[in-house]
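Summary of the model geometry
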Amino acid sequence: MFEITREIHGSKGRYVIRQNGEEAEVTFSVTSPTLIIADHTGVPDSFRGTGAGLALVTRMVEDARAEGVKIMPLCPFVNATRKKHPEWADVFAV
């Protein structure tokens, strides 16, 4: 498992995993109290194949569901991952 941190600064935020001096992240913009836009996923080569990207999106989905927030998946990775998990349909605004 990964330790995932959520950081929010004003209208911008990210979920991040730090490991061996590198970071994997999913960034988002807060557009309203009930909507965020997932806009970028960055996973360094050292994380590839570890499931870090999926772990980041899963945490975003869990937090959104718990907080009554919808996610607009503009990031291609988040959108592709959403399509593989129909059980997340309630959380995505598409």
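This report concerns the structure included in the present document. For clarity, every value in this text was computed on a predicted model and none was experimentally measured. (Residues numbered from 1 in each chain as written. Predicted model: local features only at pLDDT ≥ 70, side-chain atom pairs only at ≥ 80, totals over all residues. Heavy atoms only, no water.)

**Focus: the pairing of strand 3 (residues 22-32)**
Sheet topology places strand 2 (residues 12-19) next to strand 3; 8 bridges connect them, and they run antiparallel. The residue of strand 3 that forms the bridge with R18 is E23. In textbook terms, the turn of a hairpin is the stretch between consecutive antiparallel strands, and for strand 2 and strand 3 this stretch comprises 2 residues, one of which, N20, has a positive phi near 50°. Across 7 bridges, the pairing between strand 3 and strand 4 (residues 35-42) is antiparallel. Within strand 4, the position partnered with V30 by the bridge is I36. (Pairing = 2+ DSSP bridges. Helix = DSSP H or I, 4+ residues; strand = E, 2+ residues; numbered from the N terminus.)

**Things to note about the nonpolar core**
Counting 24 residues, the largest nonpolar core has M60 and I71 as the members making the most contacts within it. At the level of secondary structure, the elements contributing two or more residues to this core comprise strand 2, strand 3, strand 4 and helix 1 (52-67). In terms of residues, this core owes the most to one element, helix 1, which gives 7 residues. Beyond its immediate stretch of four places on either side in the chain, M60 contacts Y15, V26, F28, I36, A38 and I71. (Core = buried A, V, L, I, M, F, W, Y, C linked by side-chain atoms within 4.5 Å. Buried < 20%, exposed > 50% of the residue type's maximum accessible area, 1.4 Å probe, protein only. Contact = heavy atoms within 4.5 Å.)

**Describing unusual backbone geometry**
In the Ramachandran plot, N20 falls in the positive-phi region, its phi being about 50° despite a non-glycine side chain. Along the chain, N20 falls in the loop between strand 2 and strand 3. When its relative accessible area of 75% is taken as the criterion, N20 is described as exposed.

**Quick notes on the pattern of salt bridges**
Scanning the model with the defined rule gives 10 salt bridges in all. Across the pair D63 and R6 runs a salt bridge whose closest N-O atoms are separated by 3.8 Å. In this pair, D63 sits in helix 1 while R6 sits in strand 1 (residues 4-9), placing the two residues 57 residues apart along the sequence. By relative accessible area, which is 12% here, D63 ends up buried. Linked by salt bridges that have partners in common, E7, R14, R18, E23 and E25 make up one network. (Salt bridge = Lys/Arg side-chain N within 4 Å of Asp/Glu carboxyl O.)

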